[in-house]
Structure formats: structure tokens, C-alpha cells
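Residues per chain, in single letters:
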Amino acid sequence: MVLAFVYFAAGSDQMVSGSGRPDWLTLSISTASTPDEMPPVWFAHDRHTDALTGQDCTTCHTKDEGRIRFAFKQAAGEDYHADMAEFHDNCIGCHAKTAMQGEPAGPRAGECRLCHTPNAPDRSAWTAMRFDHSLHARHETSPRIGPTAEADSANCSACHHRYNADTQTLYYEKGTEGACQYCHAPVAAATPDDPARAMRQAAHDGCVSCHLINQTQAAKEANAKFGPITCAGCHDQSMQAQIATVQPLPRFKRNQPDAVLLATRLTNQLAASPEDRAPVSAVAFNHKSHEANVESCRTCHHASLQKCSDCHTPDGSREGAFVGLGQAMHVADRDPSCIGCHQQAQTDAACAGCHSMTPAPDFAATGCQACHGVAADEQTVAVLTDPDARAAMAAAFVKRRGGGAPLPPETDIPEIVTIGTLSDAYEPVRLPHRKIVRALADRIAENTLAKTFHPTSETLCQGCHHNAAALPKPPACASCHGTMTATPSDGRPALLGAYHLQCITCHERMGIEKPAATACTECHPPRSSTASQN
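Conventions and cut-offs
Along each chain, residues carry numbers from 1 onward, in the same order as the chain's sequence is written. Totals for whole chains, interfaces and linings use all residues, but because this is a predicted model, local features are given only for residues with pLDDT of at least 70 and pairs of side-chain atoms are given and counted only at 80 or more. Excluding hydrogens and water, the side-chain values take into account all heavy atoms of the structure. Helix and strand labels come from DSSP, where a helix needs a run of H or I of at least four residues and a strand needs a run of E of at least two; each type is numbered from the N terminus. Radius of gyration here uses only the C-alpha atoms, and the compact-globule reference equals 2.2 Å multiplied by the residue count raised to the power 0.38. We call two residues in contact when some of their heavy atoms are within 4.5 Å. By convention in these notes, a salt bridge is any Lys or Arg side-chain nitrogen within 4 Å of a carboxyl oxygen on Asp or Glu. When a residue's accessible area, from a 1.4 Å probe over protein chains only, is under 20% of the maximum for its type it is buried; when over 50% it is exposed; and in between it is partly exposed. Identification of polar contacts relies on pairs of N or O atoms within 3.5 Å, with a donor-acceptor requirement for protein atoms, meaning one able to donate a hydrogen and the other able to accept it, and with residues adjacent in sequence counted only if both atoms are side-chain atoms. Centre distance within 6.5 Å is the pairing criterion for rings of Phe, Tyr and Trp, where only the six-membered ring of Trp is used; planes under 30 degrees apart are then read as stacked, over 60 as edge-to-face, and the remainder as tilted. Here, the term disulfide refers to a pair of cysteine sulfur atoms separated by no more than 2.5 Å. Only buried residues count toward a nonpolar core. Its members are Ala, Val, Leu, Ile, Met, Phe, Trp, Tyr and Cys residues joined through side-chain atoms within 4.5 Å. Values of pLDDT, the confidence the predictor places in each residue, fall between 0 and 100.

Trainee: Please give an account of the overall build of the protein chain that cites residues and values.
Mentor: Of the regular secondary structure elements, the protein chain holds 21 helices and 11 strands. Radius of gyration (C-alpha) of the protein chain: 31 Å, far over the 24 Å computed for a compact globule of 534 residues. Principal-axis analysis of the C-alpha atoms gives the protein chain an extent of 90 × 75 × 55 Å. Intrachain contacts of the protein chain at a sequence separation of at least 6 include 53% that bridge at least 24 residues.

Trainee: Account for the pattern of salt bridges, naming residues and giving values.
Mentor: Enumeration according to the criterion identifies 14 salt bridges in this entry. Note that Asp64 and Arg69 form a salt bridge whose closest N and O atoms lie 3.8 Å from each other. You can call Arg69 partly exposed: its relative accessible area is 24%. As a salt-bridge pair, Arg434 and Glu410 come within 3.9 Å of each other at their nearest N and O atoms. Of this pair, Arg434 sits in helix α16 (residues 433-443) while Glu410 sits in the loop between α15 (387-399) and β10 (417-419); the two residues are 24 residues apart in sequence, bridging distant segments of the chain. A residue is classified by how much of its surface remains accessible, and Glu410, at 40% relative accessible area, is partly exposed. Taken together, the salt bridges that share partners define one network made up of Arg251, Asp258 and Glu291.

Trainee: Pulling in residues and values, what's your account of the side chain of Asp205?
Mentor: Summarising the element assignment, Asp205 is placed in helix α5 (residues 199-218). By relative accessible area, which is 1% here, Asp205 ends up buried. At 2.8 Å, the side chain of Asp205 forms a polar contact with the side chain of Arg197. Once residues within four sequence positions are removed from consideration, Asp205 is found in contact with Arg67, Ile68, Arg69, Phe70 and Arg197.

Trainee: Describe the packing of aromatic side chains, naming the residues involved and giving the relevant values.
Mentor: Throughout the structure, instances matching the rule amount to 2 aromatic pairs. For the pair Phe72 and Phe87, a centre-to-centre distance of 4.6 Å together with 10 degrees between the ring planes defines the contact as stacked. Here Phe72, found in the loop between β5 (67-69) and α2 (80-100), pairs with Phe87, found in helix α2; they are 15 residues apart in sequence, far enough to count as distant. Residue classification places Phe87 among the buried residues on the basis of a relative accessible area of 10%. Ring geometry for Phe131 against Phe252: centres 6.0 Å apart, planes inclined by 45 degrees, an arrangement best described as tilted. Of the two residues, Phe131 is situated in the loop between α3 (112-115) and α4 (133-141) and Phe252 in the loop between α7 (237-241) and β8 (259-262); the sequence distance between them amounts to 121 residues. Classification of Phe252 by relative accessible area gives buried; the value is 14%.

Trainee: Go over the environment of Leu384 with me, naming the residues and quoting the values.
Mentor: Mapping Leu384 onto the fold places it in helix α14 (residues 381-384). Its relative accessible area of 2% is what places Leu384 among the buried residues. When the C-alpha positions of Leu384 and Ala441 are compared, they lie 38 Å apart, and in sequence the two are 57 residues distant. Residues contacting Leu384, with those up to four places away along its chain left out, are Leu261, Ala263, Leu266, Thr267, Leu270, Gln379 and Arg390.

Trainee: Just give me the short version of the state of the cysteines, but keep the residues and values in it.
Mentor: Simply put, disulfide is the name for a covalent bond between the sulfur atoms of two cysteines. Here the structure, examined in full by the defined rule, presents 0 disulfides. We note that Cys464 lacks a disulfide partner, and the nearest cysteine sulfur, in Cys354, lies 5.9 Å from it. The thiol of Cys523 is unpaired, and the distance to the nearest cysteine sulfur, on Cys503, comes to 7.0 Å. Taking the relative accessible area as the measure of exposure, Cys523 reaches 35% and is therefore partly exposed.

Trainee: Could you give an account of the nonpolar core, with specific residues and numbers?
Mentor: Nonpolar side chains in soluble globular proteins tend to end up buried together. Of all hydrophobic cores here, the largest spans 14 residues; its most connected members are Leu261, Leu266, Ala282, Ala284, Val374 and Leu384. Elements represented by at least two residues in this core include exactly β8, α8 (264-272), α14 and α15. No other element matches the 4 residues that α15 contributes to this core. Contact partners of Ala282, with chain neighbours within four places excluded, come to Leu261, Leu262, Ala263, Leu266, Cys371, His372, Gly373, Val374 and Gln379.

Trainee: An account of α4 is needed here, citing residue identities and associated values.
Mentor: Of the positions making up α4, those classed as buried are His133, Ser134, Leu135, Ala137 and Glu140. One side-chain oxygen of the residue at the start of α4 lies 3.0 Å from the amide nitrogen of Ser134, identifying that residue as Asp132.

Trainee: Lay out the confidence of the model for the protein chain with the relevant residues and their values.
Mentor: Summarising the model, the protein chain shows a mean pLDDT of 86, and 92% of its residues fall at 70 or more. β8 holds the highest mean pLDDT among the elements of the protein chain, 96, whereas strand β1 (residues 4-7) holds the lowest, 40.

Trainee: Tell me about the environment of Ala154, and name the residues and values.
Mentor: Here Ala154 shows up in the loop between α4 and β6 (162-164). By relative accessible area, which is 14% here, Ala154 ends up buried. In sequence terms Ala154 and Leu27 are 127 residues apart; their C-alpha atoms lie 38 Å from each other. Ala154 has contacts with Glu140 and Pro147, leaving out every residue within four places of it along the chain.

Trainee: Residues and numbers for unusual backbone geometry, please.
Mentor: Gln247 connects to Pro248 through a cis peptide bond whose omega is -10 degrees. Take Pro248: it is sitting in the loop between α7 and β8. The linkage connecting Lys514 with the following residue, Pro515, adopts the cis geometry, with an omega of -5 degrees. As for its position among the elements, Pro515 is in the loop between α19 (495-509) and α20 (520-523). Non-glycine residue Lys73 carries a positive phi angle of around 45 degrees. If you trace the backbone, Lys73 turns up in the loop between β5 and α2. Residues other than glycine seldom take positive phi values, yet Gln168 does so here, at roughly 55 degrees. Within the fold, Gln168 resides in the loop between β6 and β7 (169-171).

Written as C-alpha cells, this is what we have:
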């Protein structure tokens, strides 16, 4: 039997943003529901917290070594009937006591359905509290937290720990800090060998308990601050938006490299047969740049902070769920893979206008050199098997890569392109071609990914001239889309459709509000009646 607390929202009545509550959670003492069981209880946590005037969290929760444990009372999830009695005795008892004092109170004995309802009494406005790099930095340097281990000069030991199965105790080991989710799964394994609590419980036990301790200390100081202690403080979207951010963000302190040479298969192959030509070159991976552009280390290191190839061996292994190293890097529909993440980046508004209309190339035509660009003659067994030489090679290659390409000279970019289609009813469209090119370039000027994968100045042109080669003077739209309305047999839109599909889709994907898709005359000025008759 599992004692389940399913959180759906956070917030006191004063902190609810919009409609719904962010503090709804369901209380259930069994995950194996039967027709004889009552539905779970929908519980507004912050509403109860607000009602406990003069009381504290120990009214409902226990304390262990000075820290609150966010299970309910003595309900341990081990005995169904004992846990049910624990909830009923305490909840109904508190409601009855409050009613006797003449105060508004919750349901009492016999009013079962007022608590046990199949649906939430109100909409949930709960928002997940995701890992935040800025918040991590603030906790790392907060003087109010402090380290708990001698080996720790920062605050890492206050949260990060390992488990000693022999002594059944937690301890801190510098240099092994990782994401909480590496040990705390969404559902606890609950075995003697893996006693780690579920992520939700571990987060509330750790974070809220620490905030409560700091609240007590802060009460003795003027204007002292401490972290949220209500559901709304963390799980209300409007409250999350008020969290101050650290700029510039410091890097994580795990002795991670700035650059890494990814060459596992290549090293294995050349070590076995040095005279063979390698099928692909090594990848000089800019670790520092990727760090700055992902949510957390888990974006790539999804199961641990080990090297990718430790689990994803070239041929696959049980530790890597039999996903080989090549698949792990290249499968397009998986976020943790390199290509999957890069494709997701193309949906950003700065990129989506071009990439949404650019046909996805076959894998073989994706330009392997952009990543696998280390010169073949530099990849010797001596270098690949020497950690220092590998690091030096990766650093050198990363340094000279990814500068992007400047735009062609302005004189080579037509300032205005006049499009005379629909001229029987409208004046020709004067497309501000040069202005559009500059705007596209400005949007990605600081984008490292775009600089890497836009190797020539003409690459940007392919956003509109999407099936043409990257040439200084790409062909006009009509060269592929033919006449105004005659649709080519291969499915390409005719010229009239192509113009509108390209322009309107690009504006929508890039969030450009004017001209709107329905504002025909902002692009097509109406002709005078005399001109129309002529």
C-alpha cells in the first residue's frame, strides 16, 4: 500500500492567481482503488494553513531531528486501516473542535461526501516548480544556509547527499553533486536497497523544512528574507514570476570542462586498426556554450553526470536501455539527443519563420561537418588516447569554430523587390527585401547555434528561397512555383499560394503582428478605379 499525496495546486486565498487554486492536492491511502472505496479527498492545503491561527505545521505533520516531515501525522503508508483512522480521527476531530469554538469548520462525522468527491471542487492552478539555475545560484551563496560538511566551502552539502547502505545514513561527498532526480524518482522504489523518497516528498521535506527553519531565525531580525512556506509561494505562476534572478548566471561548480572531444567509436576503431579510415570525424563539443543554453545538466545528462558513452556504448548496453551512442546523439524525436534538441531550438520565434518553411533534409544531407569537423589527419591514436591532448584539441577546435558568416555586401541585397501578382486589382507589392534580411540577421546575431549551422552568408537566404542552393543570387520564387494559379503536378503550391503561404506563415511563427494575415491592403495597396479599368 502506498500513501499518496497528489499535488495539483498551491496558494492561500490571498495568493491565488486568476481562477482556480494552486494548492489543491488529493489525499489517498491506497493506489489500488476498489469499487468499495471512497474517492480521494480534495484538500486545499493553504486554506488550512491560514486557518491554523497560533499553530504551526506540527498540527498535522511530525518533526524529526528538528525538521518537519511532510507526511500526515503518523500515517506511514504501511497499514490501510491504521492510516484511515489517523486521517479521520485527526481531521474530523479538528473540525469538530473548531465548530465547538463557534468558528467556521470543515465536514464532520457522517458528512463523508463533502471531503470524498470524485472531482476537485474548484479548478486547479498548480504550476510545477522546475529547476531554476538562478535560484540554484542564490541558494549556493546564501549566508543563511551554510554548508553542513567540513569538505564543503559552499552550501552544496546543505542539499546534496549520498546514501551509505551499510550505515543507512546520508553523507556528503564533494564532487559527486548531481540532480535530485537521479536518486529521487517520481514514485519511490520503497525497497531496503533503495530507500530514497519520492521526488515530491524529498523536495517538500528538504526545501520547506529549511524555509521554516529560516523563517524562525528571520523572525529575530528586521527585514530578513526566507523562502516560501506555502503552496502558492512555489506553485502559483504569478508568484514564480516575482522570483528575483541572478545576472550574469555563474557556472555550476562541478569541474566540468569547457570543451570535450567526443570520439568514443573513433578511438575504439583506430585503436583496433590504426590504418583504417574513420567513417566520421570526432566532435569538438562546446560544453560551456551548451551549459548556458539549457535548463540544467539533466537536459543532456538525463540519468547521471557520467559521460554519455558510459551508458550509451557504441553498440548499446543494458545501462543505456540498449540505446547506442549514435542513436543517443542523433535520434531526431528525442529531446536529450543533440539533433532533437537542435530541432527544438528551431521552434524559437527567432528561428521558426525560416525553419518552419524549410524542408527538413535527409539525415545524410544534414551537413555532418558542422559537428564532426575535426580534421582527419589530426585524429591520431596518440592524441585520442591522451586525455590532455584530447582536451587541447577540443579547445582549439571550439575556439576557431562558430563565428558565423557576415551578410553579403548591401549592394548585393536588393532593397525592394516588386511583386506584381494580383495587379489587376491591387498595386504591386513593394517587398522591403533588404530590411527583412537585416531583421532576420539581427534576430540570430548572438545565437551560437545559428552561427555554427549557418556557415555561409547565403544560408540565411534559404529561409525564403527554401529549395534553392545557397547562392549569392538565388532564383526567384516563380522559377519553381510557375504561374499564379496552375498547381504543379508534384504538389508544389502555385505562385499565388506560395507567396502567401511563405509570408503569412513566417509572420505567424515569428510573432510579427503587422501586417495581419487578413490585412490585404497593407501589402497590396488598392488600385484606383481608373487604373483598374486600364
